[in-house]
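Coordinate analysis (summary)
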Amino acid sequence: MKTKEQSKLKKAMSIVLNVIFYVVIVFLLVFSFANMKVKREDNIANIFNQGMLAVQSNSMYGDLEDSFQKGDLLFVTMLNDQSRALLQVGDVVTYFDTTIHEFNTHRIVEINAAEGYLITQADYNYISNNNNTSPDQPVNIEDVLAIYHGDKLVGFGNALDYLQTPTGFAVFIILPVVLLLAFEGVMLARNLIGINKDKLEEKFALEKENAKLSLEAEKEKMRAEILKELENEKNKS
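Conventions we followed
Every chain begins its residue count from 1, and numbering advances along the sequence as written. With pLDDT at 70 or above as the cut-off, local features in this predicted model cover only qualifying residues; side-chain atom pairs require 80 or more to be listed or tallied, and sums for whole chains, interfaces and linings still use all residues. Calculation of side-chain values draws on the structure's entire complement of heavy atoms; hydrogens and water are dropped beforehand. Basic side-chain nitrogens of Lys or Arg form a salt bridge, by our definition, when they fall within 4 Å of a carboxyl oxygen of Asp or Glu. Helix numbers and strand numbers start at the N terminus; a helix is a DSSP run of H or I with at least 4 residues, a strand a run of E with at least 2. Only protein chains enter the accessibility calculation, which uses a 1.4 Å probe; a residue is then buried when its area is under 20% of its type maximum, exposed when over 50%, and partly exposed in between. By definition, no residue in a patch forms a salt bridge, and every one has over 30% relative accessible area; like charges are joined within 9 Å, nonpolar side chains (Val, Leu, Ile, Met, Phe, Trp, Tyr) within 5 Å. For accessible areas, the Shrake-Rupley method is used with a probe of radius 1.4 Å. Any residue's cover is judged against the shown protein chains and nothing else. In this tally, Asp and Glu contribute negative charge and Lys and Arg positive charge; neither His nor the terminal groups of the chain are included. A single reference atom marks each charge: NZ on Lys, CZ on Arg, CG on Asp, CD on Glu. Strands are labelled as partners when DSSP assigns at least two bridges between them. The term nonpolar core refers to a set of buried residues drawn from Ala, Val, Leu, Ile, Met, Phe, Trp, Tyr and Cys, joined through side-chain atoms within 4.5 Å. Pairs of residues are marked as contacts when any of their non-hydrogen atoms sit within 4.5 Å.

A short note on the pattern of salt bridges
Following the criterion strictly, the structure yields three salt bridges and no others. A salt bridge links Arg84 to Asp81, with the nearest nitrogen and oxygen atoms 3.1 Å apart. Of the two residues, Arg84 and Asp81 both sit in helix H2 (residues 81-84), three residues apart, roughly one turn of that helix. Overall, the relative accessible area of 14% leaves Arg84 in the buried class. The class of Asp81 is exposed, set by a relative accessible area of 63%. When the shortest N-O distance is used, the salt bridge between Asp123 and Arg107 registers 2.7 Å. With Asp123 in the loop between strand E6 (117-121) and strand E7 (139-140) and Arg107 in strand E5 (residues 102-112), this residue pair connects regions lying 16 residues apart in the sequence. Of the two residues, Asp123 and Arg107, both sit in the buried class. Residues participating in the shared-partner salt-bridge network are Asp66, Arg107 and Asp123.

Notes on a negative patch on the surface
A cluster of acidic residues, Glu218, Glu225, Glu229 and Glu233, forms a negative patch at the surface. Note on Glu218: relative accessible area 41%, which makes it partly exposed.

So, the sheet that holds E5
Each strand in a sheet pairs with its neighbour through backbone hydrogen bonds, running either in the same direction (parallel) or in the opposite one (antiparallel). The strand order E1-E2-E3-E8-E4-E5-E6-E7 describes an open sheet built from eight strands, whose pairing is antiparallel. Edge positions in the sheet fall to strand E1 (46-47) and E7, since each of these pairs with one other strand and no more.

So, the nonpolar core
Of all hydrophobic cores here, the largest spans twelve residues; its members are Ile44, Leu53, Val55, Met60, Phe68, Leu74, Val76, Met78, Val92, Leu145, Ala146 and Tyr148. For this core, the secondary-structure elements that each account for two or more residues are strand E3 (73-78) and strand E8 (144-153). In this structure Tyr148 touches Asp66, Ser67, Phe68, Leu74, Phe75, Val76, Val92 and Thr105, once residues within four positions along its chain are discounted. With ten residues, the next largest nonpolar core counts Leu118, Val139, Ile141 and Val144 among its residues.

Written out as structure tokens, the structure reads:
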């Protein structure tokens, strides 16, 4: 009974480990695919129009629901021409700021649909420690890449920044995949060895039984011959 329970537990653990393995593999592949899609510095890595951004400054620090600070990881929704037409003053959007050559995620303070541009502004200026921030340079509406709705992971932006470096990608993406594949390879080899061992044991047991049957048959044959010779000797006498 105990052996059966251990076998069931072992099987359940194997299934759980396999599920975890494939979930991790899928996540790593999705993350890798998202990064491979970024062919230019002004593109946001995204899957199914959902992107991730690491916050590089405290320009949007504050107490609002959609406030964030340096080191946070933002989840943004990619925009198209239709969704850009629905942007409103107060929305927090992301665009590539050519003046600093980085992504800028600030709040819209003005929209000029007739001339096709909008103006954003930071909520809070960390350097001057006051709310008297200046508006950013006008941005073409068609250059706005994404909108932020307040979904974030506090402090995870630094991790994303590191993952996007060659070292971070190698250590936390490539290496785990290699190790997981190696682990699965070892487990597969062990299972194959176990299967072969069972087959060999079954073959050995069958050969042993056949040998036993052959030996019994040979003994019976010899016994019959001896009895026949004794019968012949008896008839002669």
